[in-house]
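# Chain and residue survey
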Amino acid sequence: MANIPGIPVYKEIGATPAPATGGGADRARVVIVGAGPVGLAMALDLGRRGHEVVVLSRLDFIAHASKAICFSKRSLDILDRLGVGDPALAKGVTWNVGKVYWGEADDPVYQFDMLPVKDQKRPGFINIQQYYIEEYLLDGVMKLPNVEVRWGHRVYGVTSKDDGAELAVTADDGGVYTLEAEWLIACDGARSTVRDLLGLDFEGRVFEDNFLIADIRMKHEMPSERWFWFDPPFNRGKSALMHKQPDDVWRLDFQLGWDIDRAAAIRPENVEPFVKAMLGDVEFEQEWYSVYTFQCRRMARFVHGRTIFAGDSAHLVSPFGARGCNGGFADVDNLGWKLDLVLKGEADEGLIESYNDEAITTADENILNSSRSTDFLTPKSTASQALRDAVLELARDHAFARPFVNSGRLSTAVHYPASGLSTPDTETWTSGVAPGAPVLDAPHGDGWLLDALGDDFVLLTRGWQGEAPAGVRLIEISGLAAERLGLGEGGAALVRPDHYVAARWHTIDPAAVDAALKRAKGGMA
Amino acid sequence: MTGLNTTPNLGTNASADDLYQKLVALHDGLSEADSLRVWAKLVLILANHIGDREVIEQAIVAARPVAAA
């Protein structure tokens, strides 16, 4: 039996007994609060690097709710690095193309390709229910003896200390205990308990609109594409979105407007007319209906001493652009290797400050893009409505207007052009991947470059086989991989463990590599 | 030459009158909402033709009422 009623269950796990602490405090080097996709990915990343991690989950099951469904190429690359990309790809619905329709017209006014550069291992996107991703991550975590997930354990008190944090925890069996962590990572979602208990801010815009999610199950043939409608005949004056998910499940999303009865909106008799107006007289079953509103908010800082926020606890966006869960995975990817180095004593604690900077860069780009999409979707004045409709009308006939059509700018890897960890270019580059941007995948040997990069610092070289600094793997590349990095003979790029380029050279210079490595580990401000 | 040109650039008074008349006639028979959309289309078409972000942003500043600037 699930410990919290009212939430549908995907997978029962059962409550974990409170630990026997013998009256003293329980301890862990890293405590993660929250076992959603971000918390589990964080646990898997740190666990694979050998660290002792305790994850606290309020629920004692995986919820069968309709949450994130669109996982970006960047997230798939991260899941690959964590060893769980393959099951996600096998189960998910792969798509690259998005189409935007307006009014009655059968032809799209605009379409886009999320994978304009081909010859990469992963597609632009997959659609897959969040609970599958959680299950794959949990499968990975369960294989690690150094990671413990405690189900049905709630945090009710947090004290920040100079050398960590102290948590007051209750378990479902009635046990109450103190848990001392060297590092606390709050991955406990939009209504973060840790954030509330520490009294921290969360600021931004709330958008005045309601959207209906109707996840339905039906047999239906349609290409695997993202279809978006402005002002369709079946939802006049508003928008709609359709996405294919695994298991014959379809996500239909209808804009409802602001002044509505939210409880009435999700009654089957009120949802059915929307579905039939969109799809005709089809047979379908209800999978999940809900109404959501959204906000674009973030904390002023994500790092508070030894307490770090990641995912929705730190930042929220509108769903248009799939920047929520994908943004959370970006946080995990950025924090994992940094905390690893700090825990091993190989980097100064100050390196964590670069997580604050880079994750805020990511959050701000996501918030900017999702706010702009929302303003295009739901014009706030007659003038902005006119401008929006002018764009759509022009887009039908004129290519120049199509870039203005904004039905969501879908999540891609965010760049950190101003990162203090990067060594700025001192030479002229006309191609390749600049410091602060992620390596572009390409075929490499019998496999793929991103797979070869793995979890470590890597020195990518072309036609140079000298010695890399300690702790850095040397990988020689050629062909398309070298071309995409802009490396000629004797060129090199230093790549961080999250696959971002830290520095690059036309002609490798071992002393410069050492300096760039030191800087990438936070050795220089 | 860069920057927004705010000196007369469209010929004689007669030419200006003619253009003015065409801009008025553009809205003949349109509702206010449709008219607003036509203005917006015209702005987008011209902005794309100009194709210089700096000039367009200077024009945006020049167009805003002073009190709201």
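Residues numbered from 1 in each chain as written. Chains lettered and ligands numbered in written order. Predicted model: local features only at pLDDT ≥ 70, side-chain atom pairs only at ≥ 80, totals over all residues. Heavy atoms only, no water.

## As for the overall build of chain A
- Regarding its fold elements, chain A presents 13 helices and 27 strands.
- Taking 525 residues into account, the globule formula puts the C-alpha radius of gyration at 24 Å, and chain A, at 24 Å, falls close to it.
- Its C-alpha atoms give chain A principal-axis dimensions of about 65 × 65 × 40 Å.
- Here chain A holds 525 residues, and 58% of them are scored as buried.
- Contacts in chain A between residues at least 24 apart in sequence constitute 72% of all its contacts with a sequence separation of at least 6.
- Accessible area for chain A stands at about 20600 Å²; split by element, carbon and sulfur atoms hold 50% of it.
- Of the charged side chains in chain A, 53 are positive and 75 negative, and the gap between their average positions amounts to 2 Å. (Helix = DSSP H or I, 4+ residues; strand = E, 2+ residues; numbered from the N terminus. Rg over C-alpha atoms; globule rule 2.2 N^0.38 Å. Buried < 20%, exposed > 50% of the residue type's maximum accessible area, 1.4 Å probe, protein only. Contact = heavy atoms within 4.5 Å. Areas by Shrake-Rupley, 256 points an atom, 1.4 Å probe, with all protein chains shown as cover. Lys, Arg positive; Asp, Glu negative; His and termini not counted. Charge placed at Lys NZ, Arg CZ, Asp CG, Glu CD.)

## Some thoughts on the sheet that holds strand E5 (residues 70-72) of chain A
All names here are of chain A.
- Taken in spatial order, the three strands of this open sheet run E5-E9-E6, and their pairing is antiparallel. Both outer strands of the open sheet, E5 and strand E6 (93-95), are each paired with one neighbouring strand and no more. When strand polarity is set aside, the average angle formed by the axes of neighbouring strands in this sheet is 30°.
- Bridge analysis of E6 against strand E9 (residues 125-127) gives three bridges, and the strand direction is antiparallel. Its bridge partner being in E9, Thr94 is matched across the sheet by Ile126.
- Its contacts with the sheet put helix H2 (residues 73-81) on E5 and E9, and the angle it makes with E5 is roughly 75°.
- Relative to the sheet, helix H8 (residues 325-343) contacts E5 and E9, its axis offset from that of E5 by approximately 40°. (Pairing = 2+ DSSP bridges. Axes fitted to C-alpha atoms, helices over the stretch in contact; angles between N-to-C directions.)

## Details of the pattern of salt bridges
Residues and elements named next belong to chain A.
- In this structure the tally under the stated criterion is 46 salt bridges over all chains.
- A salt bridge links Arg74 to Asp333, with the nearest nitrogen and oxygen atoms 2.4 Å apart. Note that Arg74 is positioned in helix H2 and Asp333 in helix H8, a separation of 259 residues in sequence. You'll find Arg74 and Asp333 in the same group, each marked buried.
- Within the structure, one salt-bridge network assembled from shared partners comprises Asp45, Arg48, Arg49, Arg74, Arg81, Asp333, Asp340, Lys344 and Asp455. (Salt bridge = Lys/Arg side-chain N within 4 Å of Asp/Glu carboxyl O.)

## Section: the environment of His506 of chain A
All names here are of chain A.
- Tracing the chain through its elements places His506 in the loop between strand E27 (501-505) and helix H13 (510-520).
- With a relative accessible area of 29%, His506 lands in the partly exposed category.
- Sequence separation of His506 and Trp95 is 411 residues, and the distance between their C-alpha atoms is 36 Å.
- Not counting residues within four places of it along the chain, the set of residues in contact with His506 comprises Glu427, Thr428, Trp429, Glu489, Gly490 and Gly491.
- Here Thr428 takes part through its backbone oxygen, which lies 2.7 Å from a polar atom of the side chain of His506. (Polar contact = N/O pair within 3.5 Å; in protein donor to acceptor, adjacent residues only side chain to side chain.)

## So, the interface of chain B and chain A
- Listed per partner, the contact involves seven residues of chain B and 12 residues of chain A.
- Interface area, chain B with chain A, both sides summed: about 900 Å², of which 76% is carbon and sulfur.
- Of all residues in chain B, the largest losses of buried area upon contact with chain A belong to Arg37, Lys41 and Leu44 of chain B, amounting jointly to 61% of the total for that side.
- Where chain B packs against chain A, one counts three salt bridges.
- A salt bridge links Arg37 of chain B to Asp389 of chain A, with the shortest nitrogen-to-oxygen separation between them at 3.7 Å.
- Where chain B meets chain A, there are two residue pairs in polar contact (both at pLDDT 80 or more).
- Of the residues that constitute the side of chain B that touches chain A, the class distribution is four nonpolar, one polar and two charged. (Buried area = accessible area lost by both parts, 1.4 Å probe. Nonpolar A, V, L, I, M, F, W, Y, C, P; charged D, E, K, R; others polar.)

## Some thoughts on the sheet that holds strand E17 (residues 249-257) of chain A
All names here are of chain A.
- One open sheet holds the eight strands; their spatial order is E8-E7-E15-E16-E17-E14-E18-E21, and the pairing between them is mixed. Both edges of this open sheet fall to strand E8 (110-113) and strand E21 (315-316), since each of them pairs with a single strand only.
- When strand E14 (residues 203-217) meets strand E18 (residues 285-298), the two strands line up antiparallel, connected through 12 bridges. Paired with Ile216 across the strands is Gln286, a residue of E18.
- The sheet contacts of helix H7 (residues 268-279) involve E14, strand E15 (226-230), strand E16 (239-245), E17 and E18, and relative to E17 the element is tilted by about 105°.

## Focus on the UniProt feature "domain: FAD-binding" (unreviewed entry) in chain A
- Under the present numbering, the feature "domain: FAD-binding" (unreviewed entry) in UniProt falls on residues 28-365 of chain A.
- Along residues 28-365 of chain A one finds 28% helix and 36% strand; the C-alpha atoms at either end are 34 Å apart. (UniProt positions renumbered as here; feature names shortened; annotations may be inferred.)

## Focus: the packing of aromatic side chains
Residue and element names in this part refer to chain A.
- One pass over the full model with this rule turns up 24 aromatic pairs over all chains.
- When the ring of Trp227 is compared with that of Trp229, the centres are 6.2 Å apart and the planes differ by 75°; the resulting orientation is edge-to-face. For the pair formed by Trp227 and Trp229, the shared burial category is buried.
- Cluster of aromatic residues (ring-pair linked, three or more members): Phe207, Phe211, Phe228, Phe230, Tyr292, Phe294, Phe320 and Phe376.
- For Arg195, the ring lying beneath its charged end belongs to Phe202, and the centroid distance is 3.7 Å.
- Over the ring of Phe376 we find Arg388; its NZ or CZ atom is 5.9 Å from the centre of that ring. (Phe/Tyr/Trp six-rings, centres within 6.5 Å; stacked < 30°, edge-to-face > 60°. Lys NZ or Arg CZ within 6 Å of the ring centre and 35° of its normal.)

## Re a nonpolar patch on the surface
Residue and element names in this part refer to chain B.
- Judged by side-chain polarity, Leu10, Leu19, Leu23, Leu26, Leu36 and Trp39 come together as a nonpolar surface patch covering roughly 500 Å² of accessible area.
- Contributing elements (two or more residues each) for the nonpolar patch: helix H1 (13-25) and helix H2 (32-50).
- Inspection of the secondary structure assignment puts Leu19 in helix H1.
- Since its relative accessible area comes to 38%, Leu19 is described here as partly exposed. (Patch = residues over 30% accessible without salt bridge, like charges linked within 9 Å, V, L, I, M, F, W, Y side chains within 5 Å.)

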